Amino acid sequence: MMNSKNKRKNIMIFLTISVLVVLLSYSQALTVIPEQLTLAEGDDFAYDFKSPFLVSIKADKEGIISLIKEKIGQKDTSTLEVGLSNPFSLRSLKQGCVNLKMNLFGLIPVKTMEINVIPNKEVVACGNAIGVKIRTKGLLVIGISDVEDTSGNKSFPAKQSGIKPGDMILQANGNDLVSINDLIEQIDESDGQDIHLSIKHGNEIVERYIKPVKSSDDNRYHLGLWVRDSTAGIGTLTFYDPDSKSFGALGHGITDIDTGKIMPVKEGEILESTILSVKKGKQGAPGELKGIFMEQRKRLGVINKNSEFGIYGKLEDNASSRIEGKLYPVALKSQLKEGPAKILSNIDGSDVKEYDVEIQKVSRQKLDSAKGMVIKVTDPRLLSLTGGIVQGMSGSPIIQDGRIVGAVTHVLVNDPTRGYGIFIEKMLKNAISSNGQSFEKAS
């Protein structure tokens, strides 16, 4: 009896361990395999993650990619069964989109990976400092305050109406709000009656009614709101497409300094800029490029998109003749590697120079991030002048092995010699989509 119980116990232990091993392998495959992968025509991408189990890999379309089992040398096939203790490769054949389905033992779904194959693409890498000016779609609420009325009582009309910092006020009494003066005009004309506001709160459009209060300070009506309708600053132009004139800059979005919210663009422009001085970065205190806009000259381009991945738009005719740059092939994230690279940056006057950096980490799972790689400044000249990465250098192109691979986006506050970068692949997709094109068509 005891032997029978022990046998059942041992079987249960064995089965439990087996299930745990399968689950561990399943979990490992989920984390290692990206959900999306972009390859240029003719590129290979190798996988070498460990799993003792047989995995069936099948493409839902033929002729776009081939699967290559490294040791056996199978080629030009859309289906493989492999033990993943050995590497296998994907080879792109022609432009298109294909879904790669992976199943453990041919039965248990592991993951479906979307693979986009695009033609090889070249863009002009820039590195020029630019002036950036944008006007928002509506008025951004940056603060709420009280209003002291003519009787000496304090009230909070905006707060009582449910308005919060970060909200965008789009209309007042049915009138579009283009500038702060538009809202002031509606308040002055209200004579203390309720004002109907259309507000974007998150992704929702909500309606609010707010009653102005006559202030004891100036005997005029107020709402207890602080708002902003525009912003301006210095950044770096990353690239432009010589065919479509689409450009990308900064590599991260322009956010409001008070709310941290991405500022939606109604209209914007980029201008020529010259750097006058550098505030050197140090641990705990990021540095900064200080420059001026060349407003007497014609603008370089218009901005039509401000996203968490940078600003995008289109260059004006003949603007490329005023921009320093060189044509580089685009490297996809699958082609990046840890190791030496260079950045192009303008930190003095209007001259763009090349500086040595090291790509220390590539997060291949993070295509949808402005922090896809970690870089470290190694060039003694740049370290001497700036201390590393400073504000205003965001958007500086990163070059590796003769290809543009990304752009500088953020500095690590506690170590100004190090920072983050975004993949150029992500910026290029945003630039093209901002002008109403598909990635494949524009490529």
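These numbers were taken from a predicted model, which means no experiment stands behind them.

(A) Highlighting the overall build of the protein. Looking only at helices and strands, the protein has six helices and 31 strands in total. Relative to its full complement of 443 residues, the protein shows a buried share of 48%. Excluding contacts between residues fewer than 6 apart, the proportion of contacts in the protein whose partners are at least 24 apart in sequence is 68%. By element, 49% of the accessible surface of the protein is carried by carbon and sulfur atoms, the whole surface being about 21,300 Å².

(B) Region of the structure containing a negative patch on the surface. Taken together, the side chains of Asp 146, Glu 148, Asp 217 and Asp 218 define an acidic patch exposed on the protein surface. Inspection of the secondary structure assignment puts Glu 148 in strand β11 (residues 147-148).

(C) Highlighting the sheet that holds strand β28 (residues 373-377). Pairing within the closed barrel is antiparallel, and its six strands lie in the order β26-β27-β28-β31-β30-β29. The sheet shows a mean angle of 45° between the axes of neighbouring strands, taken without regard to direction. Here β28 runs beside strand β31 (residues 415-423); their pairing, made up of four bridges, is antiparallel. Among the inter-strand pairings, Val 374 is bridged to a residue of β31, identified as Tyr 420.

(D) Representation of unusual backbone geometry. Positive phi values are uncommon outside glycine, yet Lys 245 reaches one of about 70°. By relative accessible area, Lys 245 is classed as partly exposed at 29%. Phi is positive for Leu 250, which is not a glycine, with a value near 70°. Checked against the element boundaries, Leu 250 lands in the loop between β20 (246-249) and β21 (265-279).

(E) Quick peek at the packing of aromatic side chains. The full count for this structure, using the stated rule, is zero aromatic pairs. Its guanidinium or amino end placed over the ring of Phe 156, Lys 159 lies 5.8 Å from that ring's centre, counting from NZ or CZ. Sitting above the plane of the Phe 309 ring, Lys 426 keeps its charged end 4.7 Å from the centroid.

(F) Quick look at a nonpolar patch on the surface. Judged by side-chain polarity, Ile 11, Met 12 and Leu 15 come together as a nonpolar surface patch covering roughly 300 Å² of accessible area. By secondary structure assignment, the location of Leu 15 is in helix α1 (residues 2-32). Judged by its relative accessible area of 44%, Leu 15 is partly exposed.

(G) Local environment of the pairing of strand β19 (residues 225-240). By the bridge criterion, two bridges tie strand β9 (residues 122-125) to β19 in an arrangement that is antiparallel. Counterpart to Val 124 in the pairing with β19 is Tyr 240. Pairing geometry for β19 and β20, over three bridges, is antiparallel. Bridge pairing in β20 places Tyr 240 opposite Phe 247. From the end of β19 to the start of β20, which pair antiparallel, there are five residues, and Lys 245 there has a positive phi angle of about 70°.

(H) Layout of the environment of Val 123. Tracing the chain through its elements places Val 123 in strand β9. Val 123 sits 280 residues away from Arg 403 along the chain, and the two C-alpha atoms are 9.7 Å apart. Sequence-distant contacts of Val 123, that is, excluding residues within four places in its chain, are made with Phe 239, Tyr 240, Asp 241, Pro 242, Lys 326, Leu 327, Tyr 328, Val 330, Ile 404 and Leu 428.

(I) Focus on the pattern of salt bridges. Taken as a whole and assessed by the stated rule, the structure comprises twelve salt bridges. In this structure, Glu 272 and Arg 297 form a salt bridge, with 2.8 Å as the shortest nitrogen-oxygen distance. Of this pair, Glu 272 sits in strand β21 while Arg 297 sits in the loop between β22 (288-293) and β23 (301-307), and the two are 25 residues apart along the sequence. Each of the salt bridges in this network shares a partner with another, and the network as a whole consists of Lys 133, Glu 269, Arg 299 and Glu 316.

(J) Spatial organisation of the side chain of Thr 136. As for its position among the elements, Thr 136 is in strand β10 (residues 129-144). Assessed through its relative accessible area of 0%, Thr 136 is described here as buried. A distance of 2.5 Å separates the side chain of Thr 136 from the backbone oxygen of Gly 138, its partner in a polar contact.

(K) Highlighting the nonpolar core. Within the largest apolar cluster, 24 residues are counted, with the highest numbers of intra-cluster contacts made by Ile 343, Ile 359 and Ile 398. Looking at this core, the elements that each hand over two or more residues are β26 (339-348), β27 (351-362), β28 and β30 (403-412). It is β27 that contributes the most residues to this core, four residues altogether. Excluding residues within four positions of it along the chain, Ile 343 makes contact with Lys 353, Glu 354, Tyr 355, Val 357, Leu 382, Met 393, Pro 397, Ile 398 and Val 408. With 23 residues, the next largest nonpolar core counts Ile 130, Met 263, Ile 270 and Leu 315 among its residues.

(L) Layout of the environment of Lys 333. Summarising the element assignment, Lys 333 is placed in the loop between β25 (326-329) and β26. Along the chain, Lys 333 and Thr 38 lie 295 residues apart, while their C-alpha atoms are 7.9 Å from each other.

(M) Focus on the side chain of Thr 409. For Thr 409, the position within the fold is in strand β30. Classification of Thr 409 by relative accessible area gives buried; the value is 2%. A polar side-chain atom of Thr 409 sits 3.0 Å from a polar atom in the side chain of His 410. What Thr 409 contacts, discounting residues up to four positions off in sequence, is Leu 250, Gly 251, His 252, Ala 370, Ser 394, Tyr 420, Gly 421 and Ile 422.

(N) Spatial organisation of the confidence of the model for the protein. Scored by pLDDT, the protein comes out at a mean of 83, with 84% of its residues at no less than 70. When pLDDT is averaged over each element of the protein, strand β29 (residues 397-400) comes out on top at 96 and helix α6 (residues 439-442) at the bottom at 39. For residues 72-76, every residue scores under 50 in pLDDT, and the model assigns this stretch ten contacts once sequence neighbours within four places are set aside.

(O) Focus on helix α3 (residues 180-190). Regarding α3, the residues found buried are Leu 183, Gln 186, Ile 187 and Ser 190. Buried residues of α3, viewed axially, fall in a sector of 100°; they line one side. What points out from α3, more than 90 degrees from its buried face, is the exposed set Asn 181 and Glu 189. The inward-facing, buried residues of α3 contact β10, β13 (168-172), β14 (175-176), β15 (195-201) and β18 (221-222).

Rules of the game
Residues numbered from 1 in each chain as written. Predicted model: local features only at pLDDT ≥ 70, side-chain atom pairs only at ≥ 80, totals over all residues. Heavy atoms only, no water. Helix = DSSP H or I, 4+ residues; strand = E, 2+ residues; numbered from the N terminus. Buried < 20%, exposed > 50% of the residue type's maximum accessible area, 1.4 Å probe, protein only. Contact = heavy atoms within 4.5 Å. Areas by Shrake-Rupley, 256 points an atom, 1.4 Å probe, with all protein chains shown as cover. Patch = residues over 30% accessible without salt bridge, like charges linked within 9 Å, V, L, I, M, F, W, Y side chains within 5 Å. Salt bridge = Lys/Arg side-chain N within 4 Å of Asp/Glu carboxyl O. Lys, Arg positive; Asp, Glu negative; His and termini not counted. Charge placed at Lys NZ, Arg CZ, Asp CG, Glu CD. Pairing = 2+ DSSP bridges. Axes fitted to C-alpha atoms, helices over the stretch in contact; angles between N-to-C directions. Phe/Tyr/Trp six-rings, centres within 6.5 Å; stacked < 30°, edge-to-face > 60°. Lys NZ or Arg CZ within 6 Å of the ring centre and 35° of its normal. Polar contact = N/O pair within 3.5 Å; in protein donor to acceptor, adjacent residues only side chain to side chain. Core = buried A, V, L, I, M, F, W, Y, C linked by side-chain atoms within 4.5 Å. pLDDT = per-residue confidence, 0-100. Arc of directions from axis to C-beta.

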